[in-house]
Amino acid sequence: MSSSVKLTPPSFPVPDGFRLHTENSAHILISENEAFLNPVQEFNRDLSVACIRTWSEELNELKQKRRAQAKEKRALKAKGGSTRKRQRVNESDAVAVEPESLQTSENTEPLQAGEAVVEVEISTRSEEKFDYKITILEALSATGLRSIRYAKEIPLVKYVLANDLSPTAVTAMKRNVELNGFGPEKEEEESARKVNPNLGKVRVNEGDACTLMYSHRTDRVDVVDLDPYGTAAPFIDAAVQAVKDEGLLCITCTDLSILATNNYPEKCFSNYGGLPLKAEYSHEAALRLVLHAVSTSASRYGRYIEPLVSLSIDFYVRLFIRVNSSPFQVKKALTKTSSYFVCTSCQSFYEQPLGRVIAKQGSGETVNTIYKTQPGPTVGSKCLECDSSLHIAGPMWSGPIHDTDFVSRVLQHTEANKDHYGTAARMQGMLTVAKEELHTTFYFTPTKVAGFFHCQTPSLEETTSALLHAGQQVSRSHASPGSLKTTGTCEDVMDVFRSWVKKHPIKNVSETSPALRLLAKEPRTEANFSKHPKSVTSSSKFKIVRYPETPANWGPGSRPATDGGNKRKRKHDN
């Protein structure tokens, strides 16, 4: 944890057999094999606090704006109604009533007095402060540290529902919640109040995660957080039904051995409904496979997703997704889904969208949209660049994986609250890259592509400048150091390296090497490697750590050996 974070020393003794773990202002007691906690996930928890807090403030502003508009509309409607009533009185009784005479008196007629009272009440009603408080459901809480941090560090939290199936984990949660002062009222305090007992800001529940989320289909929560050990696939269907419209779905998946390689395609397909790929950009493909699983699950219930932040971090992926309901928007999911043909040698990829939309002008200004299947295939049986075999991957999400405006707001919040996050430097670096990331599919690294050509590696600046001079846009990718994303095609990238090889010739290329087939094609245009003014982004002028070193104790950790819960191995199991 960064030394810049100011921690309050705990004022309570640590019992024997326990150790105290402190993260920001939260303190928990941990005993061996009682509940699972990975200290490396502090970055995950810091990022989650920042994203949920930024999202809750944005939602609160939207609710306040809608509330003000509704209040103004009601006031205008009430004012218009009372004016019409006065006009009817004037016509029937021939009594002139001035609109501005709103003072009541003994001689005032009952109807006019009533109208005056209503108008005065509407016009003089005090503006009350309204803050929309959110409810969070953490389906797999373990020690409860994440839920405690949400309750402590997000001002607009009403309460957090912390759940776990393991009895030992629930025991640990209750102890830690009491330790941080978020437990329910004592029996004597509750009996004294008798009405509306305080259940606590962190409410602990022992039960199956899916059962709990399905029970909230009619009483939805604002945020659902899934942070399981391994895949989140079994919980996605329940989660998309438990979250409110405009709510936030937070998902962690640590099974990158399935998502980011093609070693277990059958498992990836059964979990996420798509096939993985093996390439340098496989970590971005992992994000898109998870988004595809969430999108298809939400579509079954007339709901659609908006990815706000999707990050590949260390050994896991973390996604923050806004969920809404709209049958019309659900149709667009077809056009945001694609399969990909990936070359087994040079890793060039060819997109095959599943659907397309046709806009037809209707009567007047009406525009009718018709959805059609996409013709294909977009490529033959061999790679167009090196004539090697192609493997198919997907279907997966092909739309944007970030909301640039939302990422910018989270970054602003992080920069303004560096002292509140132990991993603020890493958050700032990763969010900066994500903010500048192009909304295109997949990335490449000059080092990897140069390896396909067996040539000297051009620098990032030279590669970026060549693409910019060719009229393409270029950005970095958060998923891999030294990576680049571009609006150009794989052929455009290969042409840059063919031009590079002409200036830096290579020797002794095997006749069976794919490099010989790559070089057999002539570049369509000669690349310009001179420095382009836009090769250095505005954020590059500041010294920030974009790709930090692998943290200590790296890895997903091991499951706790407890007796409770069927998701954890029991001691007597072989």
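Rules behind the numbers
Residues numbered from 1 in each chain as written. Predicted model: local features only at pLDDT ≥ 70, side-chain atom pairs only at ≥ 80, totals over all residues. Heavy atoms only, no water. UniProt positions renumbered as here; feature names shortened; annotations may be inferred. Buried < 20%, exposed > 50% of the residue type's maximum accessible area, 1.4 Å probe, protein only. Helix = DSSP H or I, 4+ residues; strand = E, 2+ residues; numbered from the N terminus. 1 Å grid on protein atoms, 1.4 Å probe; cavity = no way out; pocket = protein on both sides within 12 Å on 5 of 7 lines; lining within 4 Å. Points joined across faces, edges and corners; volume = space filled by probe spheres on them. Nonpolar A, V, L, I, M, F, W, Y, C, P; charged D, E, K, R; others polar. Phe/Tyr/Trp six-rings, centres within 6.5 Å; stacked < 30°, edge-to-face > 60°. Lys NZ or Arg CZ within 6 Å of the ring centre and 35° of its normal. Pairing = 2+ DSSP bridges. Salt bridge = Lys/Arg side-chain N within 4 Å of Asp/Glu carboxyl O. Axes fitted to C-alpha atoms, helices over the stretch in contact; angles between N-to-C directions. Contact = heavy atoms within 4.5 Å.

Under an unreviewed UniProt entry, the chain has the name tRNA (guanine(26)-N(2))-dimethyltransferase and belongs to Lentinula boryana. Its UniProt record gives the chain a comment under Sequence similarities (unreviewed entry), which states: "Belongs to the class I-like SAM-binding methyltransferase superfamily. Trm1 family." Per UniProt, the chain carries the Catalytic activity (unreviewed entry) text "guanosine(26) in tRNA + 2 S-adenosyl-L-methionine = N(2)-dimethylguanosine(26) in tRNA + 2 S-adenosyl-L-homocysteine + 2 H(+)".

Mind laying out helix α3 (residues 145-153), listing which residues take part and the relevant values?
In terms of burial, α3 is largely enclosed, as eight of its nine residues are buried. Every buried residue of α3 is accounted for by Leu145, Arg146, Ser147, Ile148, Arg149, Tyr150, Ala151 and Glu153.

I'd like to hear about empty space enclosed by the protein, residue by residue, with values.
Taken as a whole and assessed by the stated rule, the structure comprises one cavity of 30 Å³ or more. Of the volumes computed, that of the largest cavity is approximately 40 Å³. Along its surface, the largest cavity is lined by Ser295, Tyr304, Ile305, Gln329, Lys332, Ala333, Lys336 and Trp397. A class-by-class count of the residues in the lining of the largest cavity yields four nonpolar, two polar and two charged.

Which residues make up the packing of aromatic side chains, and what values go with them?
Overall, the coordinates contain eight aromatic pairs when judged by the stated rule. Between Phe315 and Tyr316, the ring centres sit 5.0 Å apart and the planes meet at 65 degrees, which makes this aromatic pair edge-to-face. Overall, Tyr316 belongs to the buried group, its relative accessible area being 0%. Summarising the aromatic geometry, the rings of Phe453 and Phe497 are spaced 6.0 Å apart at their centres and angled 15 degrees between planes, so their arrangement reads as stacked. Placement of Phe453 in helix α14 (residues 446-453) and of Phe497 in helix α16 (residues 490-503) is noted, with a sequence separation of 44 residues between them. For the pair Phe453 and Phe497, one class covers both residues: buried. Through successive ring pairs, a cluster of aromatic residues spans Tyr281, Tyr340, Phe349 and Phe442. A cation sits over an aromatic face here: Lys63 above Tyr132, 4.8 Å from the ring centre. Over the face of the ring belonging to Phe43 we find Arg426, whose NZ or CZ atom lies 4.6 Å from the ring centre.

How would you sum up the pairing of strand β11 (residues 349-353)? Please name residues and give values.
Here strand β10 (residues 337-343) runs beside β11; their pairing, made up of five bridges, is antiparallel. Across the sheet, the residue bridging to Val342 is Phe349, located in β11. The antiparallel pairing of β10 with β11 creates a hairpin that spans five residues between the two strands, and Gln347 there sits at a positive phi of about 65 degrees.

Could you give an account of the pattern of salt bridges, naming the residues involved and the relevant values?
Counted according to the given criterion, the structure contains 27 salt bridges. Here Arg318 and Asp225 are joined by a salt bridge, their closest N and O atoms 2.9 Å apart. Taken together, the positions of Arg318 in strand β9 (residues 316-325) and Asp225 in strand β6 (residues 221-226) put the pair 93 residues apart, joining distant regions of the chain. Notably, a salt bridge pairs Arg426 with Asp314, separated by 2.7 Å at the nearest N-O pair. Highlighted residues: Arg426 in helix α13 (residues 424-436) and Asp314 in the loop between β8 (303-313) and β9, separated in sequence by 112 residues. The class of Asp314 is partly exposed, set by a relative accessible area of 22%. Connected through salt bridges with shared partners, the residues Glu385, Glu491, Asp492, Asp495, Arg498, Lys521 and Arg524 form a single ionic network.

Got a sec to walk through the sheet that holds strand β7 (residues 243-253)? Specific residues and values, please.
Spatial strand order, β5-β4-β3-β6-β7-β9-β8: seven strands in an open sheet with mixed pairing. Two strands close off the open sheet at either side, each with one partner strand: β5 (202-206) and β8. Neighbour-to-neighbour, the strand axes of the sheet open up by a mean angle of 15 degrees, direction not taken into account. Strands β4 (157-164) and β5 of the sheet are contacted by helix α4 (residues 167-179), whose axis makes an angle of about 165 degrees with β5.

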